[in-house]
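Inside the fold
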Amino acid sequence: MERINRIKEVLVIQGKSQVWLAEELGKSTTSVTAFCNNKSQPHLKDLKRIAEILDVDIRELLVSTK
């Protein structure tokens, strides 16, 4: 599957875990792992919340289509 988001990359850069993000987001670890592996995509409101939690611009979580 083509990469759609960079959540996993941003977590690695920040030294944070998927488990940590799941707890902060109030989602299951399974859901966050699926987001990180691009097996499913978060709803826009969740993507916005992830950006807030990671203190990044939402655009940093998206892969450019150019």
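Residues numbered from 1 in each chain as written. Predicted model: local features only at pLDDT ≥ 70, side-chain atom pairs only at ≥ 80, totals over all residues. Heavy atoms only, no water.

Another aspect to go through is the pattern of salt bridges. In this structure the tally under the stated criterion is four salt bridges. One salt bridge in this structure joins Arg6 and Glu9, with 3.3 Å as the shortest N-O distance. Arg6 sits in the partly exposed class, given a relative accessible area of 22%. Residue Lys27 is joined to Asp46 by a salt bridge in which the shortest nitrogen-to-oxygen separation is 3.3 Å. Here Lys27 is found in the loop between α2 (18–25) and α3 (29–36), whereas its partner Asp46 is found in helix α4 (residues 44–54), with 19 residues between them in sequence. Residue class for Lys27 comes out partly exposed when judged on its relative accessible area of 33%. The exposure class of Asp46 is buried, given its relative accessible area of 8%. (Salt bridge = Lys/Arg side-chain N within 4 Å of Asp/Glu carboxyl O. Buried < 20%, exposed > 50% of the residue type's maximum accessible area, 1.4 Å probe, protein only. Helix = DSSP H or I, 4+ residues; strand = E, 2+ residues; numbered from the N terminus.)

Turning our eyes to something else, we now look at the packing of α2 against α4. Running from N to C, α2 and α4 cross one another at 115°; their axes reach a closest spacing of 10 Å. The angle between α2 and α4 falls in the class roughly perpendicular. The crossing of α2 and α4 is right-handed. Along the contact surface, α2 presents Trp20, Leu21, Glu24 and Leu25, while α4 presents Asp46, Arg49, Ile50, Ile53 and Leu54. (Axes fitted to C-alpha atoms, helices over the stretch in contact; angles between N-to-C directions. Parallel < 35°, antiparallel > 145°, perpendicular 65-115°, else oblique. Left-handed = near helix turned anticlockwise from the far one by under 90°. Contact = heavy atoms within 4.5 Å.)

With that settled, the discussion passes to the confidence of the model for the protein chain. Caution is warranted with low-pLDDT regions, since their predicted coordinates should not be read in detail. Here the protein chain averages 92 in pLDDT, and 92% of its residues register 70 or above. Ranking the elements of the protein chain by mean pLDDT puts helix α1 (residues 7–14) last with 95 and α2 first with 98. (pLDDT = per-residue confidence, 0-100.)

For α2, the complete set of buried residues consists of Leu21, Ala22 and Leu25. Down the axis of α2, the buried set is contained in an arc of 100°. They therefore lie on one face. Positive backbone phi, approximately 75°, marks Gly26, located one or two places after α2. (Arc of directions from axis to C-beta.)

Let us now look at the side chain of Asn5. Within the element layout of this structure, Asn5 appears in the segment before α1. Take Asn5: its relative accessible area is 4%, and that puts it in the buried class. Polar contacts involving the side chain of Asn5 include one to the main-chain amide nitrogen of Ile7, which spans 3.0 Å. Within the structure, Asn5 has its side chain in polar contact with the backbone oxygen of Phe35 (distance 3.1 Å). (Polar contact = N/O pair within 3.5 Å; in protein donor to acceptor, adjacent residues only side chain to side chain.)

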